[in-house]
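Secondary and tertiary structure notes
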Protein chains: 4
Amino acid sequence: MSTTLTDYPAAVQEEVARVRAVVSDLHAELPRWGLVVWTAGNVSQRVPNPDVPDGSADLFVIKPSGVSYDDLTPADMVVCDLDGTLVDGTRAPSSDTAAHAYVYRHMPEVGGVVHTHSTYATAWAARGEEIPCVLTMMADEFGGPVPVGPFAIIGDDSIGRGIVETLSGHRSPAVLMRNHGPFTIGKDARAAVKAAAMVEEVARTVHVSRQLGEPVPIEQQHIDSLYDRYQNVYGQQPATTEGQA
Amino acid sequence: MSTTLTDYPAAVQEEVARVRAVVSDLHAELPRWGLVVWTAGNVSQRVPNPDVPDGSADLFVIKPSGVSYDDLTPADMVVCDLDGTLVDGTRAPSSDTAAHAYVYRHMPEVGGVVHTHSTYATAWAARGEEIPCVLTMMADEFGGPVPVGPFAIIGDDSIGRGIVETLSGHRSPAVLMRNHGPFTIGKDARAAVKAAAMVEEVARTVHVSRQLGEPVPIEQQHIDSLYDRYQNVYGQQPATTEGQA
Amino acid sequence: MSTTLTDYPAAVQEEVARVRAVVSDLHAELPRWGLVVWTAGNVSQRVPNPDVPDGSADLFVIKPSGVSYDDLTPADMVVCDLDGTLVDGTRAPSSDTAAHAYVYRHMPEVGGVVHTHSTYATAWAARGEEIPCVLTMMADEFGGPVPVGPFAIIGDDSIGRGIVETLSGHRSPAVLMRNHGPFTIGKDARAAVKAAAMVEEVARTVHVSRQLGEPVPIEQQHIDSLYDRYQNVYGQQPATTEGQA
Amino acid sequence: MSTTLTDYPAAVQEEVARVRAVVSDLHAELPRWGLVVWTAGNVSQRVPNPDVPDGSADLFVIKPSGVSYDDLTPADMVVCDLDGTLVDGTRAPSSDTAAHAYVYRHMPEVGGVVHTHSTYATAWAARGEEIPCVLTMMADEFGGPVPVGPFAIIGDDSIGRGIVETLSGHRSPAVLMRNHGPFTIGKDARAAVKAAAMVEEVARTVHVSRQLGEPVPIEQQHIDSLYDRYQNVYGQQPATTEGQA
């Protein structure tokens, strides 16, 4: 007999309601920053369980498949367990649900995942070429180049495995899955959406720069110093640490 | 004596009213996704007749010629028969009406047609070069490269014939008419509009990718597998089959 | 003693009020189609005089200098005579007023003039290179390549003279002034704004096409046939002749 | 004991309130013209003191760090002294505050500073290449090429010093900080925001022009003449001098 949301503690059900609203709202950022066309792209966020030691309800909220961005509401968001099985929702989950689930199963520190086919990031992915770190904002946000993940076909765990193998131990919160597009991770869905917007921006800027010559490399020591400052100094003031500027 | 809409059964007249609203609304998607400038572009949809065996009223609804996108209303949409002759409407039909009519006459499975001059798709069309299938979303949506149709002059059936000859038996719902621009087809106008948005997106992404090198090809077996899954597995759940994501 | 608007017949004053509203509204099309940044760009339209044989009041309405697009109202529009002298208005006329005035003095068939620095058209202008006619929509709208005008400095009649010398006897309603940007003309301001939107679109599409190879030329006979049809067949139905589609 | 805003004269406190509103409103221009992604970018303006001889309160207003553009209000803006120390505000100042403060300390004629990572300007900055003056609008606004500043790491005065050393005695109100992005200055924040919009526009237009060949240079005498006219002739009519057009 399958599990339903009503089998979960009340605290978890409340968190689900909150996360549904967060995930629904964040989807508006994808068309806003030009990251998606039609119904492409998806955002998910892990559901916390305040009553257990590791703080996780082993659930996540994700966009339903094939719904127009204009029509997304919190109630449309679907809830899945960490195997990607539907637990609550009236619609079918995104076709990328298995990849999100794999990331949540294998990267406990990840609280949000985003996938887009944003143009410039996908263009690098189609060549299977990492984005070199030639911008100070790349050093800040990605701590080095944005790496390429393997070619993987939808339908089993190979996309999820490719994401996890590429990003584990890597500074970058973004991976360019070959011939496919970027996946980004973060401590929550908002951080992953920010990484999705930033990876497209650096993909575009470095592309444009290289069209007329070679960008000047940034020395590794400067990359390290910028990354360290952005992640740590900023980290001391949680309320104001979100961004460039 | 020419036929007028009042000569048609009431059921058809009701369908015409419904399709007029659908076609009018879908035109808003063209500027929204950056596919058209000024009054360029047009969407049409076949009108069903629930009372006949093949389900078709042998009519379609199309945009009038030269009206600003801001000003389009359902009442402005014009109704033509499958020869492209005006049956109902206060305005002249789009100058591309003959091409739409030819497609409806020769491809009974097609329920919607869209034409744009979207920038990147038209740029490939101007070189007479098909778009190679180097993105998983292309394999999903187009099942291979996006083909080029012949150079054809407006004024007779040559554009329609070029569309039909190129797309018949082809997986792609989009053809790049040489020196002209993309035409897309679908089971209804919404599907054809989606194909118009997607063909511009893949035209742009592959263009950008090729500007700095060569995209990695996707093996034919993977293209087949992705296309098959997207068209068929998705096809089992009609309400949720519309899109990437 | 200088002339003021109150010296003009009542019929002309009424026309001025109408043209002020038309010109003010049309300015919104410039940012809408991405043709201008900040306060750049300007639209003007000739004022008719219904009481005289040639139908012209020898006045035109133009945008004031340096006002934000958000803040433009009909009352802000200024009225100049065909020497470019201010006749009515509380603001200084656009710094390009002398060029507009020169066009109205020397091309009586022109009823509207537009100037922008739209990106792709200006990029061709910076190379001093005409845009080749490799798109059917270019054949329709421009009847051939978009020509380049001379380098000319603001401050005397050299810009106006360059526009008139280049466009007189030419099919194209657009000229790319070298190192400067496009000027377009039309029977009224709306037609000139349309030409400004279309010249940017063809400048962009041909640019993109040439980035990865050479567009296929269109034979001169086909260009002539497309242009003739678009200008003449369309011309028989004035209410529906405005556009592509 | 640190200084607070209440230690300042009432006239200065009133100016702070006014400048907070100006700076808050101007931030909306950054996403409007496509100059920023997510929370990147910042605008500041010097606070005048009408009661002292040099007219300066030795304070400036700047954006807080990491707040979404949608959520910025005048109350969120923070006030710093010319060492970059927070004087008033409930949020942490932008991480670029030290650079703004350095400019205000060393360039008394500067009343506004803007920083973005706008795509095309940053692409030139990544190559460390100045933008050549091949457009009349560049001659007008920048009076020559847009210069490149040194590579500098956030955390001390090196960014501010690089801006001041590059722009002192230079006509251009914009500097491309290497591998980083543009900083612009102006008599007030509005002028600096305009320069930020214009530097991106000329960076893009010259980039596009060079993609297919070499832009025609403009002779130095013409650059001087255009710059002189734009800065001086325009300067005689303060209310109408703001822009191209």
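Rules used in this analysis
- Per chain, residue numbering runs from 1 following the sequence as it is written.
- Here the convention is simple: chains get letters from A, ligands get numbers from 1, in the order in which they are written.
- In view of the model being predicted, local features appear only for residues whose pLDDT reaches at least 70, and side-chain atom pairs are presented and counted only at 80 or more, with totals across whole chains, interfaces and linings using the full set of residues.
- As a rule here, side-chain values come from all non-hydrogen atoms in the structure, and water together with hydrogens is ignored.
- Helical segments are the DSSP runs of H or I of at least four residues, strand segments are the runs of E of at least two, and each set is numbered from the N terminus.
- Throughout, radius of gyration means the C-alpha value; the globule benchmark is 2.2 Å times the number of residues raised to the power 0.38.
- Buried residues are those whose accessible area, probed at 1.4 Å on protein chains only, stays under 20% of the maximum for their type, while exposed residues exceed 50% and partly exposed ones sit between those limits.
- Accessible areas in this description were obtained via Shrake-Rupley with a 1.4 Å probe; residue shielding takes into account the shown protein chains only.
- Residues counted as positive are Lys and Arg, residues counted as negative are Asp and Glu, and His and the chain ends are not counted.
- Just so you know, the charge point we use is NZ for Lys, CZ for Arg, CG for Asp and CD for Glu.
- Take a side-chain nitrogen of Lys or Arg and a carboxyl oxygen of Asp or Glu: if they are within 4 Å of each other, that pair is a salt bridge.
- Copies overlap after least-squares fitting; the atoms used are the C-alpha atoms of residues with pLDDT of at least 70 in both.
- The contact criterion used throughout is that any non-hydrogen atoms of two residues lie within 4.5 Å.
- By convention, the term buried area covers the 1.4 Å-probe accessible surface removed from two parts as they join, with the contributions of both added.
- Here a Phe, Tyr or Trp ring, Trp counted by its six-membered ring, pairs with any other such ring whose centre lies within 6.5 Å, and the pair is stacked when the planes are under 30 degrees apart, edge-to-face when over 60, and tilted otherwise.
- Geometrically, a charge over a ring is one whose NZ (Lys) or CZ (Arg) sits within 6 Å of the ring centre while staying within 35 degrees of the ring normal.
- We call two N or O atoms a polar contact when they sit within 3.5 Å, provided that within protein one can donate a hydrogen and the other can accept it, with sequence-adjacent residues counted only if both atoms are side-chain atoms.
- Here the term charged refers only to Asp, Glu, Lys and Arg, the term nonpolar to Ala, Val, Leu, Ile, Met, Phe, Trp, Tyr, Cys and Pro, and the term polar to all other amino acids, Gly among them.
- UniProt positions are given in the numbering used here, feature names are shortened, and annotations may be inferred rather than shown by experiment.
- Here, any two strands with at least 2 DSSP bridges between them count as paired.
- A right-handed crossover is one whose linking path, passing over the helix from the first strand to the second, runs clockwise when the strands point away from the viewer.
- In this analysis, axes come from line fits to C-alpha atoms, helices being fitted only over the stretch in contact, and the angle between any two N-to-C directions falls in the range 0 to 180 degrees.
- The labels follow the angle: roughly parallel below 35 degrees, roughly antiparallel above 145, roughly perpendicular from 65 to 115, and oblique for the rest.
- By definition, turning the near helix anticlockwise from the far helix through less than a right angle yields a left-handed crossing, and turning it clockwise yields a right-handed one.

Here the focus is the overall build of chain A. Along the backbone of chain A there are 8 helices and 8 strands. For a compact globule of 245 residues, the expected C-alpha radius of gyration is about 18 Å, and chain A comes in at 18 Å, within 12% of that figure. Each principal axis of the C-alpha distribution contributes one length, and for chain A these read about 60 × 40 × 30 Å. Sorting the 245 residues of chain A into buried and exposed places 61% on the buried side. As presented, chain A carries roughly 8,700 Å² of accessible surface, and 49% of it is formed by carbon and sulfur atoms. If the 17 positive side-chain charges of chain A are averaged to one point and the 31 negative ones to another, these points end up 4 Å apart.

Where side chains of opposite charge bring their charged atoms close, a pairing between them can arise. For the structure on display, the rule yields 52 salt bridges over all chains. Between D188 of chain C and K187 of chain C there is a salt bridge; the shortest N-O distance is 3.8 Å. K187 of chain C sits in the exposed class, given a relative accessible area of 67%. One connected set of salt bridges, linked through shared partners, spans R127, E129, R210 and E214 of chain A.

Expressed as a screw transformation, the operator carrying chain A onto chain B has a rotation angle of 90 degrees and an axial translation of 0.0 Å, and the superposed copies differ by an RMSD of 0.0 Å. One copy is carried onto the other by what is essentially a four-fold rotation axis. Within chain A, the C-alpha atom positioned nearest to the axis of rotation is that of Q211 of chain A, 5.3 Å from it. Counting the interface residues of chain A, we find that no more than 3% of their copies in chain B are interface residues as well, pointing to two distinct contact surfaces.

As a further point, take the interface of chain D and chain A. At the interface, 34 residues of chain D touch 35 residues of chain A. Together chain D and chain A conceal approximately 3,100 Å² of surface at their shared face, both sides included; 60% is due to carbon and sulfur atoms. The largest per-residue losses of area from chain D upon contact with chain A belong to V37, W38 and R127 of chain D, which jointly make up 25% of the total buried on that side. Where chain D meets chain A, there are 1 salt bridge.

The transformation that overlays chain D on chain A combines an axial shift of 0.0 Å with a rotation of 90 degrees, and the residual RMSD is 0.0 Å. Take the interface residues of chain D: only 3% of them recur as interface residues in chain A, which is what a contact between different surfaces looks like.

Under the criterion given, the structure shown has 8 aromatic pairs over all chains. Taken together, a centroid distance of 6.4 Å and an interplanar angle of 50 degrees make the contact between W38 of chain A and W33 of chain B tilted. Note that W38 of chain A is positioned in the loop between α2 (29–32) and β1 (42–48) and W33 of chain B in the loop between α2 (29–32) and β1 (42–48), a pairing that runs across two chains. With relative accessibility at 19%, the residue W33 of chain B sits in the buried group. The lysine or arginine in question, R127 of chain A, covers the ring of W124 of chain A, its NZ or CZ lying 4.9 Å from the ring centre.

Taken together, the contact pairs 35 residues of chain A with 35 residues of chain B. Taken together, the two surfaces of chain A and chain B that pack against each other cover about 3,100 Å², and 61% of this comes from carbon and sulfur. Here chain A is connected to chain B by 1 salt bridge. For D70 of chain A, the salt bridge identified is with R32 of chain B, shortest N-O distance 2.9 Å. The interface formed by chain A and chain B includes 10 residue pairs in polar contact (both at pLDDT 80 or more). Residue assignment for the side of chain A that touches chain B shows that the elements contributing at least two residues are α4 (119–127) and α7 (189–211) of chain A. For the side of chain A that touches chain B, the element with the highest residue contribution is α4 of chain A, accounting for 6 residues. Partitioning the side of chain A that touches chain B into residue classes produces 12 nonpolar, 16 polar and 7 charged.

With that settled, consider the UniProt feature "domain: Class II aldolase/adducin N-terminal" (unreviewed entry) in chain A. UniProt records the feature "domain: Class II aldolase/adducin N-terminal" (unreviewed entry) at residues 21–207 of chain A, using the numbering of this structure. Between the first and last C-alpha atoms of residues 21–207 of chain A the distance is 35 Å; the span itself is 35% helix and 20% strand.

So, on to the side chain of H100 of chain C. Residue and element names in this part refer to chain C. In this structure, H100 sits in helix α3 (residues 97–106). Relative accessible area serves as the criterion here: at 0%, H100 is assigned to the buried category. In contact with H100, not counting residues within four places along its chain, are N42, V43, S44, F60, I62, V113, V114 and H115.

Residue and element names in this part refer to chain B. Pairing in this open sheet of 8 strands is mixed, and the strands run β4-β3-β2-β1-β5-β8-β7-β6 from one edge to the other. Here the strands that pair on one side only, and so sit at the sheet edges, are β4 (86–88) and β6 (148–149). Sheet topology places strand β3 (residues 78–81) next to β4; 2 bridges connect them, and they run antiparallel. In the strand pairing of β4, V79 is matched with D88.

Residues and elements named next belong to chain D. Where burial is concerned, the two faces of strand β7 (residues 174–177) agree: the one with A174 and L176 and the one with V175 and M177 are both buried. For strand β6 (residues 148–149) and β7, the ladder comprises 2 bridges, and the chain directions are parallel. Each bridged residue has a counterpart across the sheet, and for V148 the counterpart in β7 is L176. You can see the chain leave β6, run along helix α6 (residues 158–167) and come back into β7, and the turn it takes is right-handed. The pairing of β7 with strand β8 (residues 181–186) spans 4 bridges and is antiparallel. Counted as the bridge partner of V175 is F183 from β8. Here β7 folds back onto β8, and the loop between the two strands holds 3 residues, one of which, N179, carries a positive phi near 60 degrees.

Direction vectors running N to C along α4 of chain A and helix α7 (residues 189–211) of chain B enclose 55 degrees, while the axes themselves pass 8 Å from each other. Considered as vectors, α4 of chain A and α7 of chain B are oriented oblique to each other. Between α4 of chain A and α7 of chain B the crossing geometry is right-handed. Between α4 of chain A, through T119, Y120, T122, A123, A126 and R127 of chain A, and α7 of chain B, the contact on the second element is made entirely by E201, R204, T205, V208 and S209 of chain B.

Take the pairing of strand β5 (residues 112–115) of chain A next. Consecutive side chains of a regular strand alternate in pointing toward one face of the sheet and then the other. All names here are of chain A. Burial along β5 is two-sided: G112 and V114 facing one way and V113 and H115 facing the other are all buried. Of the strand pairs in this sheet, β1 and β5 are connected by 4 bridges, and their pairing is antiparallel. Across the sheet, residue S44 finds its bridge partner in β5, namely V113. Relative to strand β8 (residues 181–186), β5 is paired through 4 bridges, and the arrangement is antiparallel.

This next bit is on the sheet that holds strand β1 (residues 42–48) of chain C. Residue and element names in this part refer to chain C. Within the open sheet, the 8 strands sit side by side as β4-β3-β2-β1-β5-β8-β7-β6. Their pairing is mixed. This sheet does not close on itself; its edge strands, each paired only once, are β4 (86–88) and β6 (148–149). Packing of helix α1 (residues 10–27) onto the sheet brings it into contact with β1, β2 (56–62), β3 (78–81) and β4, and relative to β1 it is tilted by some 160 degrees. In this fold helix α7 (residues 189–211) packs onto β1, β5 (112–115), β7 (174–177) and β8 (181–186), with an angle of close to 145 degrees to the strand it touches most, β8.

Here the focus is helix α6 (residues 158–167) of chain A. With 8 of 10 residues buried, α6 of chain A lies mostly within the body of the structure. The complete set of buried residues in α6 of chain A reads S158, I159, G160, G162, I163, V164, T166 and L167 of chain A.

The buried count for α3 of chain C comes to 7 of 10 residues, which makes it a mostly enclosed element. Turning to α3 of chain C, the residues buried within the fold contact β1, β2, β3, β5, α6 (158–167) and β8 of chain C.

Apart from glycine, the bulk of residues carry a negative phi angle, and the bulk of peptide bonds sit in the trans form. In this model, W38 of chain A sits at a positive phi of 60 degrees, which is unusual for a non-glycine residue. Residue W38 of chain A is classed as buried on the basis of its relative accessible area of 4%. Its identity is not glycine, yet N179 of chain B carries a phi of approximately 60 degrees, on the positive side. Counting through the fold element by element, N179 of chain B comes out in the loop between β7 (174–177) and β8 (181–186).

Looking now at the environment of R91 of chain D. All names here are of chain D. For R91, the position within the fold is in the loop between β4 (86–88) and α3 (97–106). Sequence spacing of R91 and P182 is 91 residues, and the spatial spacing of their C-alpha atoms is 25 Å. Those residues within four positions of R91 in sequence are excluded, and the remaining contacts are P64, V67, D76, V78 and L86. Separated by 3.3 Å, the side chains of R91 and D76 make a polar contact.

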